[in-house]
Each structure stands twice: as structure tokens, then as C-alpha cells.
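Spelled out, the chains give:
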Amino acid sequence: MRVLSGIQPTGRPHWGNYFGAIRQYIELQEENDGFYFIADLHALTTVREAEMLRQYTLDSAMDLLALGLDPNKATLFVQSQVPEVSELTWLLMTGTPMGLLERCHAYKEKKAKGIPADAGLFTYPVLMASDILAYDSQVVPVGEDQVQHIEVCRDLAGSFNHAFGETFVMPKAKTLDHSAKVPGTDGQKMSKSYSNTLPLFGDVKKIRKQIMRITTDSRPMDDPKEPEDDHLFQLYRLFGSAEQTEAMAAMYRRGGFGYGEVKKAVADASETYFAEARSRRAELESNLDYVHEVLRNGAERAREVAGEVLGRAQRACGLR
Ligand code: ADP
Ligand code: TRP
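Conventions adopted
Residues numbered from 1 in each chain as written. Chains lettered and ligands numbered in written order. Predicted model: local features only at pLDDT ≥ 70, side-chain atom pairs only at ≥ 80, totals over all residues. Heavy atoms only, no water. Domains from an automatic or database assignment. Contact = heavy atoms within 4.5 Å. Buried area = accessible area lost by both parts, 1.4 Å probe. Salt bridge = Lys/Arg side-chain N within 4 Å of Asp/Glu carboxyl O. Pairing = 2+ DSSP bridges. Helix = DSSP H or I, 4+ residues; strand = E, 2+ residues; numbered from the N terminus. Right-handed = clockwise from strand over helix to strand, strands pointing away. Near = heavy atom within 4 Å. Polar contact = N/O pair within 3.5 Å; in protein donor to acceptor, adjacent residues only side chain to side chain. Areas by Shrake-Rupley, 256 points an atom, 1.4 Å probe, with all protein chains shown as cover. 1 Å grid on protein atoms, 1.4 Å probe; cavity = no way out; pocket = protein on both sides within 12 Å on 5 of 7 lines; lining within 4 Å. Points joined across faces, edges and corners; volume = space filled by probe spheres on them. Nonpolar A, V, L, I, M, F, W, Y, C, P; charged D, E, K, R; others polar. Buried < 20%, exposed > 50% of the residue type's maximum accessible area, 1.4 Å probe, protein only.

> What am I meant to see in the domain arrangement of the protein chain here?
How big an interface is tends to be stated in terms of the accessible area lost upon association of its parts. If you check the domain split of the protein chain, you get domain 1 (2-181 + 288-317) and domain 2 (192-281). A separation of 33 Å is found between the C-alpha centroids of domain 1 and domain 2. Each side of the interface is counted separately: domain 1 has 15 residues, and domain 2 has 17 residues. A buried area of about 1500 Å², summed over both sides, lies between domain 1 and domain 2, and 67% of it is on carbon and sulfur atoms. On the domain 1 side of the contact with domain 2, W15, F19 and A66 bury the most area, a combined 49% of that side's loss. The tally of links between domain 1 and domain 2 comes to two salt bridges.

Right, here's the structure in full:
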């Protein structure tokens, strides 16, 4: 099965991104033909500083490799290295009703807030459709917020096929597991927009300090507490084994513990959990030639597939 997903290089990944998305993408490389790319063309709608975009793009590739994406199992590449996708975007654009894009939430929300939007943001879903269709993708794992874009993609594929004959493979969204919602340091959903994130990579001591500052309630230490209601417990559960998690839950129900102990346990467990990825990340940083080679090979493989699909689409609509 051809599985494809893209990640925008717009910032440093946090625990929520890992458990809610990245880990699930990477697991899919085992049984499938995975195509994963860094969506730098999409990021250009928000990142308007060249050096920053370059660095974020490389960082995102290293993050994925460090977290277990295996270039021998899956194809990893940078979106803009496959110009066929941009070309295909135009073919799709000519059959895209304005109303369809006007209903898309990113554009609609910006407009509702009175923020001026540009054509890049407006046509963002068409580029995304092209990303998906260019590789004959069958399954697209995404977060809930991207499902609307997959619907747009299916619409565009359907109307192109209808107008010009069977050309594109119809993709399906695979929504990620929601029980994986990770709380942030303030108990709300962890998100860049709430400044409550805990990063995957970075200075361990600094991250430990951030963990020690997680907000907690002020009930007396001795009170028994329901673990499921507590965000600190939910964070611990991400890292602890089944037995450790059960032991922690029992401690909550008994009462007579301090949140400081739990925070220390979260810090220790997360440090161990990400230790391997962290050391792999450091190795990659000192071996950028390898990272560039992976991306070059990935782009080459991706171009082969996209070139074939673009040719098919061009012939179908009379461009060749
Ligand atoms: P942010 O909210 O920090 O801007 P993004 O919107 O860039 O994160 O999310 C990228 C991916 O990570 C999405 O697939 C999203 O579903 C997932 N994700 C982000 N935050 C969380 C979270 N707190 N829990 C679970 N998944 C998350
Ligand atoms: N728009 C997606 C996001 O913001 C990233 C993306 C771009 C993508 N192209 C894609 C995801 C194609 C899946 C398939 O998260």
C-alpha cells in the first residue's frame, strides 16, 4: 500500500507532535511503501525568512530520521525537490471551483479575523492534493485538522477522472489515534499556539526545568486522587511501561505523595525514552552529508513516480 504524508517544517517538534502524529507515521513504514516529505512549499505560506526555512527543513528531516524513519524502508524527501508536483498543481487548479477553496478552514478563519490572505494560502489545498495524487497515494495518515484537505483532494481527483478518464488513484485519509492527545505544561492540549510545549530535542536540563514547572492543583498531599483526571499522570503514561503506569495510578489513588515526585518520574522516564533518538540526532548533525544523500535519493525516487503520474495526467488532458 502506498502511504504518504507531509510534515510542515515550521518549528521544533514537541511531545504532542510525536505521540499524536510522527510515531504513527513511522510505524506505517513497516508494512507499507511509505512516502514522507517535508512540506517546504507549504511552509512558505508562513515562514518568510530564507535561512530559517532552510534550517527548519533540514531539522525536520533529521528529526524524522532520528525518531526512526528508515530510508531503507521508506522514501524521505523535500517537497520542493520534486518540481513535477508544482506542475501537476496547475492541472488540478484549472478544475478547482473557487467555492470549494472558500470553504476551507485555514483560509476561512484568516478571512473571518480580517487578516489579509494571499493566493498561496487560498490554493494551499490544491498543492496538497497534488502532493497526494502525484504519488498514486492510497492512504494518507493525518490529524483531524487535515481531513477536510483530503476531501478536497478526492473531489479534485474525481472531477479530473470524470472529465478526462481514469487518471488518478483515489486516496483515503487515515485519521490518527485520538486517545493520543497529549496535554501541555498548563493542562490544555499541547500546542505551539499555547506556548505550553515540551520539545523532543534540546537541552535536557532545560527540558527538566520545564517539566518541574508544570502546573498542578493545590489539593493536600494526603488526598487520594483520580489519575485519569490529572495531566501529569497522562504525561507519565506516555513513557512508563504498563506496570510502571499501574504502580503510578495506585499511588494516586492511595494519596500521600507530592507532585514533585511525579514530575521527577516524568522527567526521568522521558529522558530514557528519547535518549536513543537524541543520540541519533546528534550523530546526524555531525554527518550532514549523509542526511543530504538520503534526501537526494528520496527525491530521485519520488521524481520517478511523480514524473510518471504527471505524464499520465498531461496525456489525459491533451497537453501531450
Ligand atoms: P501545533 O498545535 O503545535 O501547531 P501542529 O498543528 O503542527 O501542532 O500538529 C502537527 C501534528 O501533530 C498534527 O497531526 C496534530 O494532530 C499532531 N498534534 C499536535 N499537538 C498534539 C497534541 N497535543 N496531542 C496529539 N497530537 C498532536
Ligand atoms: N498540510 C499538512 C499539515 O499542515 C502538511 C501536508 C502538505 C500534507 N501536503 C500534504 C499532509 C500531503 C498529508 C499529505 O499538516
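Read on, since the account is not over.
> Mind showing me how you'd approach the pairing of strand β5 (residues 172-175) here?
In the case of a regular strand, side chains alternate between the two sheet surfaces. Bridge count for strand β4 (residues 139-142) against β5 is four bridges, and the pairing is parallel. When the bridges of β5 are listed, P141 appears paired with K174. Taken together, β4, helix α8 (residues 147-164) and β5 form a β-α-β motif whose crossover is right-handed.

> Is there a simple way to explain the site of ligand 1 in this structure?
In the neighbourhood of ligand 1, 13 residues make up the surrounding shell, with H14, V182, M190, S191 and K192 lying closest. One of the backbone nitrogen or oxygen atoms of V182 is found 2.8 Å away from a nitrogen atom of ligand 1. K192 is positioned with one of its backbone polar atoms (N or O) 2.7 Å from an oxygen atom of ligand 1. A total of 530 Å² of accessible area belongs to ligand 1 in isolation, and the protein chains cover 77% of it.

> Would you mind showing me how to read empty space enclosed by the protein here?
To find leftover empty space, a probe the size of one water molecule is rolled over the atoms. Inspection of the entire model under this criterion finds one cavity of 30 Å³ or more. Empty space within the largest cavity amounts to approximately 60 Å³. Secondary structure elements with two or more residues in the lining of the largest cavity: α9 (204-212) and α12 (259-285). Among the elements that line the lining of the largest cavity, the one with the most residues is α12, at five residues. Here the lining of the largest cavity is built from residues that sort into eight nonpolar, one polar and three charged.

> What is the right way to read the layout of surface pockets from this model?
Roughly 310 Å³ of volume is contained in the second largest pocket. Mapped onto the lining of the second largest pocket, the elements with two or more residues apiece are α2 (40-43), α3 (50-66) and α13 (288-317).

> Looking at this structure, I do not really get the site of ligand 2. What am I missing?
Taken together, 14 residues are adjacent to ligand 2, and Q8, H42, Y124, D131 and Q146 come closest. Within the side chain of Y124, an N or O atom sits 2.6 Å from a nitrogen atom of ligand 2. Between ligand 2 and D131 there is a distance of 2.8 Å, counted from a nitrogen atom to a side-chain nitrogen or oxygen. Protein contact buries 89% of the 370 Å² of open area that ligand 2 shows by itself. Sorting elements by how many residues they give to the shell around ligand 2 places helix α7 (residues 119-133) first, with four residues.

> How should the side chain of R281 be read in this particular structure?
The topology assignment puts R281 in helix α12. Residue class for R281 comes out buried when judged on its relative accessible area of 4%. In this view, R281 contacts R12, D59, M62, D63, A66 and F201; residues no more than four positions away in its chain are not counted.

> It is not clear to me how the pairing of strand β2 (residues 33-38) should be interpreted in this structure. Could you clarify?
Most of β2 sits out of view: five of its six residues are buried. Two strands pair when backbone bridges link them, and strand β1 (residues 2-7) and β2 are joined in this way by six bridges, in the parallel orientation. Along β2, the bridge assignment pairs L4 with F35. The handedness of the β1 to β2 crossover, carried by helix α1 (residues 15-27), is right-handed. Of the pairings in the sheet, the one linking β2 to strand β3 (residues 75-78) comprises four bridges and is parallel in character. Bridging across to β3, F35 finds its partner in T75.

> Explain unusual backbone geometry to me, please; I cannot follow it from the model alone.
A negative phi angle characterises most non-glycine residues, just as the trans form characterises most peptide bonds. We note that D136 has phi near 50 degrees; this positive angle belongs to a residue other than glycine. Structurally, D136 is set in the loop between α7 and β4. With relative accessibility at 17%, the residue D136 sits in the buried group. Phi angles above zero are rare outside glycine, and S195 is one such case at about 50 degrees. Residue S195 is classed as exposed on the basis of its relative accessible area of 67%.

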